[in-house]
Number of protein chains: 2
Amino acid sequence: MLSKKTKYGLKALAYLAGQPDKKPVQISEIAENENISQKFLESILLSLRKTGFLGSKKGKGGGYYLLRSPEEISMTDVMRVLEGPIAMVPCVSLNFYETCDDCPDEHTCSVHKLMLQVRDSALDVYRNNTLKDIIS
Amino acid sequence: MLSKKTKYGLKALAYLAGQPDKKPVQISEIAENENISQKFLESILLSLRKTGFLGSKKGKGGGYYLLRSPEEISMTDVMRVLEGPIAMVPCVSLNFYETCDDCPDEHTCSVHKLMLQVRDSALDVYRNNTLKDIIS
DNA sequence: TATTACCCTACTAATTTAATAGAGTTTTCA
DNA sequence: TGAAAACTCTATTAAATTAGTAGGGTAATA
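Since this is a predicted model, take the numbers as computed values, not measurements. (Residues numbered from 1 in each chain as written. Chains lettered and ligands numbered in written order. Predicted model: local features only at pLDDT ≥ 70, side-chain atom pairs only at ≥ 80, totals over all residues. Heavy atoms only, no water.)

**Q** Give me the protein's contact with DNA strand D: which residues, what numbers.
**A** Lining the immediate environment of DNA strand D, one finds 24 residues, of which A:Lys4, A:Lys39, B:Glu42, B:Gly63 and B:Tyr64 sit closest. Taken together, the sugar and phosphate atoms account for 75% of what DNA strand D places within 4 Å of the protein. In this structure, B:Glu42 approaches DNA strand D through a side-chain N or O atom, which is 3.1 Å from a base oxygen. Between B:Arg49 and DNA strand D, the recorded distance is 3.4 Å, taken from a side-chain N or O atom to a phosphate oxygen. Of all the secondary structure elements, the ones that give two or more residues to the surface near DNA strand D are α1 (4–17) and α3 (38–50) of chain A together with α3 (38–50), β1 (54–57) and β2 (63–66) of chain B. With 5 residues, the top contributor of residues to the surface near DNA strand D is α3(B). Along the lines of polarity and charge, the residues of the surface near DNA strand D split into 5 nonpolar, 7 polar and 12 charged. (Near = heavy atom within 4 Å. Polar contact = N/O pair within 3.5 Å; in protein donor to acceptor, adjacent residues only side chain to side chain. Helix = DSSP H or I, 4+ residues; strand = E, 2+ residues; numbered from the N terminus. Nonpolar A, V, L, I, M, F, W, Y, C, P; charged D, E, K, R; others polar.)

**Q** Explain the protein's contact with DNA strand C to me, using residue names and the numbers behind them.
**A** Among the 24 residues in the neighbourhood of DNA strand C, the closest are listed as A:Glu42, A:Gly63, A:Tyr64, B:Lys4 and B:Lys39. A:Gln26 places a side-chain nitrogen or oxygen 3.1 Å from a phosphate oxygen of DNA strand C. Contact between DNA strand C and A:Glu42: a base nitrogen at 2.8 Å from a side-chain N or O atom of the residue. For the surface near DNA strand C, the elements supplying multiple residues, two or more each, are α3, β1 (54–57) and β2 (63–66) of chain A together with α1 (4–17) and α3 of chain B. Per-element accounting of the surface near DNA strand C gives the leading share, 5 residues, to α3(A).

Right, dumping it as structure tokens:
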């Protein structure tokens with residue numbers, strides 16, 4: 001299941017990508033337009049800023065804005081930051097690898113075998129989609 | 001994240017598929033060999049029996065056995081029973097569809113757009129794998 | 001310099017997951 | 001026939017995660 005955090009984060013990014021200019025957009029504007037709790041959105045945008053996707057400006061006329069153009073923002077990176085591992089089990093994760101304590105051998109594990117394919121197919125989708133591709 | 005329930009269920013199915021004959025296998029044997037809590041596994045096997053994947057036999061010499069041959073068991077069906085929806089958001093689910101209350105229009109929703117592709121790619125993997133394909 | 005807007009910490013309610021415990025029932029073999 | 005083996009069912013619980021709430025603090029700009 002996709003977390004609300006990821007869902008809201010994606011919507012906020014898409015909202016910013018849909019702006020005609022690069023002027024900062026206030027949290028309250030995004031929250032209202034996308035039906036998101038403002039405080040919750042605040043924490044999400046903060047983490048997107050800390051990971052280099054967004055810039056922010058304080059004071060009157062301030063807000064958040066994209067640091068890169070939408071076609072340069074890959075869904076792979078966004079998903080990893082917002083949702084975490086793309087793999088459904090740690091033993092097939094590229095960036096968050098861990099062994100399973102119950103599994104004697106990954107190479108003969110049927111779950112491993114299946115989940116490896118699922119990870120690769122998801123990665124394929126994320127790699128082929130930038131923020132530009134998913135805005136209406 | 002894949003739930004333990006699904007992971008254990010898949011392992012148990014693979015274990016049964018790897019049996020030389022169709023004799024019932026006791027829960028305790030599967031639990032020991034796959035390092036699964038016996039009681040937890042019990043409930044998982046029960047649900048696999050109720051959904052038509054497994055048969056069971058009570059009494060001495062009893063246990064669980066596959067009702068169909070491994071190449072007839074599609075991962076799509078198994079995943080839906082054990083893990084639930086394959087889609088990451090209800091609004092792109094084929095079998096568990098629900099609208100999002102925060103979303104005014106699915107057709108212009110960027111999350112919807114992306115998750116539709118992720119669902120299809122996962123379905124592709126599950127449809128192309130039977131239980132036979134994933135046993136070592 | 002006052003207002004606007006971002007920044008940060010802590011808390012909490014609800015939900016889900018992964019068990020655990022224990023009693024009960026059915027079947028089969030000896 | 002009767003006892004053991006094995007499945008069936010219900011209820012409880014501990015831990016983790018999620019989604020959000022509350023509220024105060026800080027920085028920047030007109």
